[in-house]
Amino acid sequence: MTEKPPLKYLSPQDWELLIEDFQYDVVRREKWTSHYSPLSILDLALSSILRKDFPLKLSLISFLEEFSDSLFRNFEVQLALDRLIDAVRSVVQASHDAVSFSSALKERMVVAVTSILICIGNDVEVCLGQLESLVELLLTIVNRPSHGADRQMRAVACECLRELERAFPCLLAEIAGHIWGLCQSERTHASQSYILLFTLVIHNIVTRKVNVSILNTSVPLVPFNVPQFVVGGSSREVSGLNFKELRRVMAFLLESPQILTPSAMMEFMSLVMPVALVLELQASMLKVQFSGLLYSYDPMLCHVVLMIYSRFVDAFDGQEASIARRLVLISREAQLPLVFRLLALHWLLGFIGLVPDSGGRKKQSIVEIGLGFFYPSVFDPLALKSLKLDLLAFCAICLNTLSADNMGGGSSEVAGPRVSVVKLFEDGLVSVSAFKWLPPWSTETAVAFRTFHKFLIGARSHSDTDSSTNRTLMESTIFHTLERLLVEMTLEFQRLVPVIVAFVDRLLLCHKHRWLGERLLQTFDQHLLPKATIDYRLASYFPIFDRIAENDTVPACGLLELLTKFIVSLVEKHGPDTGLKSWSLGSKVLGICRTLMIHHHSSRLFLGLSRLLAFTCLYFPDLEVRDNARIYLRMLICIPGKKLRHILNLGAQVPGIEPSPHTSSFFNVQSPRPSRDLKKSRNISSYIHLERVIPLLVKQSWSLSLPTLGIGGDKPGYLENIMDSEPPVDMEREVDGSSSIQIISETEKIDHPQEPLRVMDSKISEILGILRRHFSCIPDFRHMPGLKIRISCSLRFKSEPFNRVWGADVPAADLDGVDALPAIYATVLTFSSSAPYGSIPSFHIPFLLGEPPTNGYSSGQKGSLDIVPVENGSEEEESFRAPVMIELEPREPMPGLVDVSIETNAENGQIISGQLQSITVGIEDMFLKAIIPADIAEDGVPGYYSEVFHALWEACCTSSNTGRETFPLKGGKGVTAINGTRSVKLLEVPAMSLIRAVERHLAPFVVSVMGEPLVNIVKDGGAIRDIIWKDGASDSALDVTTSVTDYVEEPLQLKYIDEEDDRESNVNISNRNIGCFLVLIFLPPRFHLLFQMEVCELSTLVRIRTDHWPCLAYIDDYLEALFLS
């Protein structure tokens, strides 16, 4: 490592630039850190601080404090703290100078160093020496009680010691006696800091149960040593607490609050009350000494009394009324700050909830005290009015509940002996009555409707499911009063309609109180609609009419009658100046009619709505409104209700109705379409053919179907605890129930009761590393697009039968070249399958010519075709075939059938549709190469495939130690495990035939060839390249020299004839092992198939391992077709 250049002092301008760069971003910060190490910057900063003529000392101290955690690395913490403590010692011990080393600089330096040590030196054992040095320096400062010159410095030092005690509890426990003595000796204003420090030390001793003597001062104050129980983290027995000494200390502490400020008093009491509980002190002592603070005009002191009450409720028995009365009076003191008055009301709300409910008398007396004072006054601020209205609603709820309890469960609408709930509501609303004339967006309007909601909901919480409570509320006078008030306001103040609609929406959106919103809509239907004036102002009620139309619990007859009268008035009042207004209002009425048809049964609407629409389409002055009304009327008459709702809803799902399969087709059709002839389309597969380009080796006519043995019907029976507990719903990429998904979500993995076994063996660890890297490249198809396989096919159709069915029956001899050939246009092939292949995209073919007749299409006629001939003639044949690519996203590697449907257009405009022959999907279609990570170079691919093969071979062994290991998939939301199995297949085929078959069909999947004879043969062939060649006869991971007779330890044994032993001995004598193929095949979505082919001269033993055992059912037929054909 090169040495850093010698340090040079930075000028004040340089320091300003450095601080600005550090505060800006990391890039500009590196401009300095590349030239100066963090310790160098610290040394330069400290040297600048110690210089007398440097002007930016306070800025540098703030800079060091701000960037201490990011500036100093772990191994530099001790050095940095040593230098900081030396610097602060020099600053503190320097002679007082108002310019160079002022008191403010010394205090700021002490605070900064303490903060830095707490931030970066949180490990006591690592920074033990530095902590002791700093504490010793601070104790030296505070050990000068009643010294007037440095009283502020001593107070700051006490605050620093208090923060250290809070960061490292019981740090000062052994010197508590010295601190007590300093508290008794201090006579300046710094005594507050001494007392708070001593109180925190006592609090930690009691709560941490540390056995120390407070009166004992045998441990010196300086030099200071950190107690051993702080370093080791151990605590002493609780029985060792000296209660006698602690009670003496508490007596001293309780005599000192008179010298504390309000903020210090609240902190002091938060520390003293836990100590009082442990020492079992009488709560009356605290009540007598501190209850008088409630009558002060400082919110902090009032809060102290309420804190004591919350801890010692029994001690204040009988004084609840006086506390509540004082809080009410505070809220009425107009000269007090608004925040204090609001706090008093909030405290009162909480205080009522804390009062013990012995028969409800105390709570009732408290509420009755406040009833005369909670009414907002005219000149109260709006925030105070809102809170007082909340208190009125709360009082009404409390008294209603108490009255109902006293009456044996009945309901009472009387809040007290003289005041009813309705009167509380009406009198309280007077203070915000101006909302009726203010704009609807005003704050006062929001407060008023918030009060409506509070009084309406009352004590009916969201957790209340009692239906009798709902009936009681609907029969209550407050509900009827609010109903009447809302109707009157709607009729008188149309500007409040949007706010009233929002109020109703709030109730409708709440599952618990939805019935209240529906009841209000019924009230509007019964009382608002008959009183509404039929004129242009009726349009202001349209938002309410929309809500009535959307709710099927409100009968539509009243609304339809009102709208009919409104349309009639629009027709009568129409004139030259009302054209645009008539169109706007008529369109809005039709919009309400459309809402009615969507949400109500058409049978209930038919009579009134048909009259309204008929009158509109006959007499309404605007043409567009008439046309729309005519469309709605025809739809109402001709289309059944359910389909009508589908069409009007334009694809949006209505609750209780399935989405329409023909969304918006009514609006998208531009002209009448020719009808389909189902009789002609019946035998369409006899002349339109979709065929595979590469035929399958095995015509698989069956597939393995596993019964569902798990709890869920969508889990294969052979899987064990591998599905998500709450799988994500994906409508576009739904997972088939029969797919073998062996993926575990990260959440399920964390919550799984049994953690995977972590094997520490180096070999297994290396295998796990390879597998994790491999599986991290495999996408989790549940959360992202999965791996796809593609099946190349070709579409063709024969001209002669096509013309007979769909066109003129022209003799074949009369065909005149390409112009006479039929064609199909805009062909759409749709695919479906019962196998787990995911959603199969459709395929589109713009244009395709029919195949010419084989007998009449002579060589002379070929000259008339506009097709350029090629030497082999295959290009001409391809002109009549359209390439089709079927993309499958398998959920499980298994054969199956893909059903094909076609929809196309003939030249004469006829629509041709039908079912074609199904396409067979074989197990060989599932064969893919393993995914290569992006960081693997091209020349490293063979080695990577070889490593993956060996790792999977080991993992798929039934005795493998990796069986319980899980591997994260790409996407970060799922993990998978390997459940391997193995099998064996003996192929009695000569070596050269097998080698040719492997080169022809399995060459892309061969990862290694072993054995010198086999390597020489395969290399000469040239079909297999870029793999691992091993001339040796064996491999460390795979025993390729194992003969057939050595396979007795495998779980599967083959017996071909009764005289098995004789046969095997003959094989061993006549067969010579010439080498081995290692084949790695990836089976989507995440499985693998491994072959170890031990090639002998007359036969081959194929050892098979896989992590998807159902595929073994198809591999046997595939190997026989591959090598024995």
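Residues numbered from 1 in each chain as written. Predicted model: local features only at pLDDT ≥ 70, side-chain atom pairs only at ≥ 80, totals over all residues. Heavy atoms only, no water.

This brings us to the sheet that holds strand S1 (residues 688–692). In space, the 3 strands of this open sheet follow the order S1-S3-S6, with antiparallel pairing throughout. A single partner strand is all that each edge strand has here, and the edge strands are S1 and strand S6 (882–888). With strand direction ignored, the average angle separating the axes of adjacent strands in the sheet is 30°. Pairing of strand S3 (residues 789–797) with S6 involves 7 bridges; the strand directions are antiparallel. (Pairing = 2+ DSSP bridges. Helix = DSSP H or I, 4+ residues; strand = E, 2+ residues; numbered from the N terminus. Axes fitted to C-alpha atoms, helices over the stretch in contact; angles between N-to-C directions.)

So, about the confidence of the model for the chain. On average, residues of the chain carry a pLDDT of 79, and 77% of them reach 70 or more. In this model residues 235–239 is a low-confidence stretch, pLDDT under 50, and it forms 10 contacts with partners more than four residues away in sequence or in other chains. pLDDT under 50 marks residues 408–418. Its contacts with residues more than four places away, or in other chains, come to 22 contacts. (pLDDT = per-residue confidence, 0-100. Contact = heavy atoms within 4.5 Å.)

Our focus in this paragraph is the sheet that holds strand S7 (residues 896–905). Spatially, 4 strands are ordered S5-S4-S7-S8 in an open sheet, and the strand pairing comes out antiparallel. Here the strands that pair on one side only, and so sit at the sheet edges, are strand S5 (843–849) and strand S8 (911–921). In this sheet, adjacent strand axes meet at a mean angle of 30° when their direction is disregarded. Two strands pair when backbone bridges link them, and strand S4 (residues 823–832) and S5 are joined in this way by 6 bridges, in the antiparallel orientation. Of the residues in S5, the one forming a bridge with valine 828 is histidine 844.

Enumeration over the complete set of coordinates arrives at 38 salt bridges. For lysine 31, the salt bridge goes to aspartate 21, with nearest N and O atoms at 3.1 Å. Here the residue lysine 31 occupies a position in helix H2 (residues 26–33), and aspartate 21 occupies one in helix H1 (residues 12–24), the gap between them amounting to 10 residues. Residue classification places aspartate 21 among the buried residues on the basis of a relative accessible area of 0%. Between aspartate 925 and arginine 692 there is a salt bridge, with the nearest N and O atoms lying 2.8 Å from each other. Of this pair, aspartate 925 sits in the loop between S8 and helix H39 (941–955) while arginine 692 sits in strand S1, placing them 233 residues apart in sequence. Given a relative accessible area of 16%, aspartate 925 falls into the buried group. Beyond isolated ion pairs, a larger network of salt bridges with shared partners links Glu159, Arg162, Glu163, Arg166 and Glu267. (Salt bridge = Lys/Arg side-chain N within 4 Å of Asp/Glu carboxyl O. Buried < 20%, exposed > 50% of the residue type's maximum accessible area, 1.4 Å probe, protein only.)

A few words on the nonpolar core. Core analysis: the largest hydrophobic core is formed by 135 residues, its most contacted members being Trp15, Leu172 and Phe198. Beyond its immediate sequence surroundings of up to four residues, phenylalanine 198 is in contact with Ala176, Ile179, Trp180, Cys183, Ile214, Val249, Phe252 and Leu253. Val432, Phe435, Ile478 and Ala549 belong to the second-largest nonpolar core, a separate cluster that totals 82 residues. (Core = buried A, V, L, I, M, F, W, Y, C linked by side-chain atoms within 4.5 Å.)

Time to look at the environment of asparagine 143. Along the chain, asparagine 143 turns up in the loop between helix H8 (128–142) and helix H9 (151–167). Judged by its relative accessible area of 38%, asparagine 143 is partly exposed. Along the chain, asparagine 143 and leucine 221 lie 78 residues apart, while their C-alpha atoms are 8.7 Å from each other.

Bringing helix H36 (residues 799–806) into the picture now. Within H36, burial applies to Ser799, Pro801, Phe802, Asn803 and Trp806. For H36, the elements touching its buried residues are S3, S4 and S8.

With that out of the way, let us pick up the pairing of S7. A regular strand places its side chains on the two faces of the sheet in alternate fashion. Only one face of S7 is buried: it carries Gly896, Val898, Val900, Ile902 and Thr904, and the other face, with Leu897, Asp899, Ser901, Glu903 and Asn905, is open. Taken together, the 9 bridges between S7 and S8 define a ladder with antiparallel strand orientation. Looking across to S8, one finds that asparagine 905 is bridged to isoleucine 911. Hairpin remark: S7 followed by S8, antiparallel, with 5 residues in the connecting loop; positive phi at glycine 909, about 90°.

Moving on, we come to unusual backbone geometry. Put simply, valine 222 and proline 223 share a cis peptide bond, and its omega is -5°. Structurally, the position occupied by proline 223 is in the loop between helix H11 (191–207) and helix H12 (228–232). A positive phi is found at cysteine 170, a non-glycine position, where the angle reads about 65°. Turning to its location among the elements, cysteine 170 is positioned in the loop between H9 and helix H10 (176–185). When its relative accessible area of 3% is taken as the criterion, cysteine 170 is described as buried.

A few words on the side chain of histidine 774. As for its placement among the helices and strands, histidine 774 is situated in helix H35 (residues 762–775). In this view, histidine 774 contacts Ala930, Ile931, Tyr944, Val948 and His1088; residues no more than four positions away in its chain are not counted.

With that settled, consider the side chain of arginine 154. Structurally, arginine 154 is set in helix H9. You can call arginine 154 buried: its relative accessible area is 0%. At 3.0 Å, the side chain of arginine 154 and the backbone oxygen of arginine 144 are in polar contact. The contacts of arginine 154, once residues within four sequence positions are left out, are Ile141, Val142, Arg144, Pro145, Ser146, His147, Gly148, Glu186, Thr188, Ala190 and Tyr194. (Polar contact = N/O pair within 3.5 Å; in protein donor to acceptor, adjacent residues only side chain to side chain.)

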